[in-house]
Amino acid sequence: MVRNVLGSVLALAGAAAAVWSPFRAWYDGRHGREIRIEDLFRGITGEKADLFGSVFLPMAFAALVTLIGVLLRSRLLVAVAGLVVLGFTILWMVRQGQEAGSLTVGEIADQGLGLGVAYALGGARCCGWALC
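**Some remarks on helix α1 (residues 2–20)**
Between its terminal C-alpha atoms α1 stretches 27 Å, which fits the 27 Å expected from 19 residues at 1.5 Å a residue. Turning to α1, its buried residues are G7, A11, G14, A15 and A18. Buried residues in α1, looked at end-on, bunch into an arc of 100°, giving them a common side. Counted as exposed and oriented over 90 degrees from the buried face of α1: V2, L6 and V9. Contact partners of the buried residues in α1: α3 (56–72), α4 (75–100) and α5 (115–129).

What follows is the structure in structure tokens.
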């Protein structure tokens, strides 16, 4: 019983972190809510996205799947939600690395990978821990 409650809390915390991540800087001060979903498949551009055309959409979808998984006590749904967050974040990292030539972790504010990426990866990991 305690394990199920802790797993649910971890899964919901991970979903909250994933949804919050687009509102934080992802790379060089650019927020995830400004990154178009199309850019993940065609290459990163400087164009800004609408909120529901940005990286926020898959993160919100994953949070919804997590919530449904917790309500149904389905570890599979929680795992799928974690994989969605992880997949979109890694896909973005690959595209950003191709665009910039490399990925860096910033020593100075607003340079390199930002907290948004950490929130997304941490949120995906929390969904993984919820399966234990």
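The rest of the description comes next.
**Notes on the packing of aromatic side chains**
Evaluation of the coordinates by the stated rule reveals 5 aromatic pairs. Seen in terms of ring centroids, Y27 and W92 are 6.3 Å apart; in terms of plane orientation they differ by 65°. Their pairing is edge-to-face. Remark: W92 occurs in helix α4 and Y27 occurs in strand β1 (residues 25–27); sequence separation between them is 65 residues. Of the two residues examined, Y27 and W92, each falls in the buried class. Ring pairs connect the aromatic residues W20, F23, F52 and F56, which therefore count as one cluster.

Rules used throughout
- Residues numbered from 1 in each chain as written.
- Predicted model: local features only at pLDDT ≥ 70, side-chain atom pairs only at ≥ 80, totals over all residues.
- Heavy atoms only, no water.
- Helix = DSSP H or I, 4+ residues; strand = E, 2+ residues; numbered from the N terminus.
- Expected span 1.5 Å × (residues − 1).
- Buried < 20%, exposed > 50% of the residue type's maximum accessible area, 1.4 Å probe, protein only.
- Arc of directions from axis to C-beta.
- Contact = heavy atoms within 4.5 Å.
- Phe/Tyr/Trp six-rings, centres within 6.5 Å; stacked < 30°, edge-to-face > 60°.

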